[in-house]
Amino acid sequence: MRMPLIAGNWKMNGSLALVDTFGRAFADASLPEKVEVALMVPFPYLGAATQALKDGGVAVGAQTLNDHLSGAFTGEVSGAMLTDLSVRYVLVGHSERRSLFGEDDAAVVARVKAALVSGLAPLLCLGETLEEHDAERTEAVVLGQLGAVLDALEPAERGCLVIAYEPVWAIGTGRTASPAQAQAVHAAIRDCLRRYDNALAEGMRLLYGGSMKAGNAAELLAQPDIDGGLVGGASLQVDDFLAICQSAG
Ligand code: 13P
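Presented here is an overview of the structure given in this document.

Conventions adopted
Residues numbered from 1 in each chain as written. Predicted model: local features only at pLDDT ≥ 70, side-chain atom pairs only at ≥ 80, totals over all residues. Heavy atoms only, no water. Disulfide = S-S within 2.5 Å. Buried < 20%, exposed > 50% of the residue type's maximum accessible area, 1.4 Å probe, protein only. Helix = DSSP H or I, 4+ residues; strand = E, 2+ residues; numbered from the N terminus. Pairing = 2+ DSSP bridges. Right-handed = clockwise from strand over helix to strand, strands pointing away. Contact = heavy atoms within 4.5 Å. Salt bridge = Lys/Arg side-chain N within 4 Å of Asp/Glu carboxyl O. Near = heavy atom within 4 Å. Polar contact = N/O pair within 3.5 Å; in protein donor to acceptor, adjacent residues only side chain to side chain. Nonpolar A, V, L, I, M, F, W, Y, C, P; charged D, E, K, R; others polar. Axes fitted to C-alpha atoms, helices over the stretch in contact; angles between N-to-C directions. Parallel < 35°, antiparallel > 145°, perpendicular 65-115°, else oblique. Left-handed = near helix turned anticlockwise from the far one by under 90°.

## Overview of the state of the cysteines
Right, so step 1: The full count for this structure, using the stated rule, is zero disulfides.
Right, so step 2: No disulfide involves Cys-160; its sulfur sits 17 Å from the nearest other cysteine sulfur, which is in Cys-125.
Right, so step 3: Sulfur of Cys-192: no disulfide; nearest cysteine sulfur belongs to Cys-125 and is 16 Å away.
Right, so step 4: Owing to a relative accessible area of 5%, Cys-192 belongs among the buried residues under this scheme.

Following this line, the structure appears as structure tokens:
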């Protein structure tokens, strides 16, 4: 049985005051027992977030990390620094990192490895652009991104991943993949994992991301291969995010 995970990605949004609001709201909320919640906040808020969200049982994640363990990389943050702050998850391969910061599959692999060495759980994001979607290349693109990482890892390392399928055309656009569309891609991802190892495929949590909201979460989360959500915009509104967490139970 896979424990659903609802992860919020604040991107470059939020404030210390919002961290505090979430801390208080989650400490008071009664969430379903069998749902895990995580919040990926900007670097400067990680320390405050791990403190504020502790009582509410919310794990904290970062949005990226450097692939080196330490050294002369001005402005960068290492995995060890994140674990120092009790950070549990780190996003790797988000489409904004791929498109805006030039992170290709090799860069994604290097970051996944750095996360694993530091004891972080990498939340690996996969997804096709609108152009690729329209050219019916979704599976080829998504499974290509997945294979690049799986092939570079040892079998034991693969089991530490969480995977998120985020069609780029659905991110921040209000245009969600239909539950059937999302399920089809999730099923293809799980089939691909089966080619590596059956137990890996059965245990791996596959999250959907892209305009997930309180109003469409239940339908998406009801699909057999969708084990949670990676929520952008709606994770900045505490009531909306709580409602999505409730609907995963
Ligand atoms: P939205 O939920 O705002 O579409 O963002 C999704 C996302 O990119 C989460 O990582």
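## Some words on the pairing of strand S1 (residues 5–9)
Right, so step 1: The buried fraction of S1 is high, at five of five residues.
Right, so step 2: Where burial is concerned, the two faces of S1 agree: the one with Leu-5, Ala-7 and Asn-9 and the one with Ile-6 and Gly-8 are both buried.
Right, so step 3: As paired strands, S1 and strand S2 (residues 36–40) are joined by five bridges and run parallel to one another. In the sheet register, Asn-9 faces S2, and the bridge partner there is Met-40.
Right, so step 4: Following the chain from S1 across helix H1 (residues 16–28) to the adjacent parallel S2, one finds a crossover that is right-handed.

## Focus: the side chain of Asn-216
Right, so step 1: Examined against the element boundaries, Asn-216 turns out to sit in the loop between strand S7 (206–209) and helix H11 (217–221).
Right, so step 2: By relative accessible area, which is 16% here, Asn-216 ends up buried.
Right, so step 3: Setting aside residues up to four positions removed in sequence, Asn-216 forms contacts with Thr-176 and Ser-211.

## Some words on the pattern of salt bridges
Right, so step 1: On inspection of all chains with the given rule, the structure shows 13 salt bridges.
Right, so step 2: Across the pair Lys-11 and Glu-96 runs a salt bridge whose closest N-O atoms are separated by 2.8 Å. With Lys-11 in the loop between S1 and H1 and Glu-96 in helix H4 (residues 95–100), this pair connects stretches of sequence that are 85 residues apart.
Right, so step 3: Close ionic contact of Glu-36 with Arg-205 constitutes a salt bridge, the shortest N to O distance being 2.9 Å. Remark: Arg-205 occurs in the loop between helix H10 (198–203) and S7 and Glu-36 occurs in strand S2; sequence separation between them is 169 residues.
Right, so step 4: On the basis of relative accessible area, Arg-205 is assigned to the buried category, the value being 15%.
Right, so step 5: When salt bridges that share partners are traced, they join Arg-2, Arg-190, Asp-191, Arg-194, Glu-202, Asp-225 and Asp-227 into one network.

## Digging into the site of the ligand
Right, so step 1: Near the ligand you find Asn-9, Lys-11, His-94, Glu-166, Ala-170, Ile-171, Gly-172, Gly-210, Ser-211, Leu-230, Gly-232 and Gly-233, and these make up its full shell.
Right, so step 2: A distance of 3.0 Å separates an oxygen atom of the ligand from a polar side-chain atom of Asn-9.
Right, so step 3: In the model, an oxygen atom of the ligand is placed 2.6 Å from a nitrogen or oxygen of the Gly-172 main chain.
Right, so step 4: Grouping the amino acids of the shell around the ligand by side-chain chemistry returns three nonpolar, seven polar and two charged.

## Focus on the pairing of strand S5 (residues 121–126)
Right, so step 1: Of all six residues that make up S5, six are buried, and the element is covered over most of its length.
Right, so step 2: Both faces of S5 are covered, namely the face carrying Ala-121, Leu-123 and Cys-125 and the face carrying Pro-122, Leu-124 and Leu-126.
Right, so step 3: In this structure, strand S4 (residues 89–92) lies alongside S5, joined through four bridges in parallel fashion. Within S5, the residue paired with Val-90 across the bridge is Pro-122.

## Section: the packing of H1 against helix H12 (residues 238–247)
Right, so step 1: Here H1 crosses H12 at 40°, and the two axes come no closer than 10 Å. As judged from the angle between their axes, H1 and H12 are oblique. Our pair here, H1 against H12, has a crossing hand that is right-handed. Facing H1, whose interface residues are Thr-21, Phe-22, Ala-25 and Phe-26, H12 presents Val-238, Phe-241, Leu-242 and Cys-245.
Right, so step 2: Across the contact of H1 with H12, the residue classes break down as seven nonpolar, one polar and no charged.

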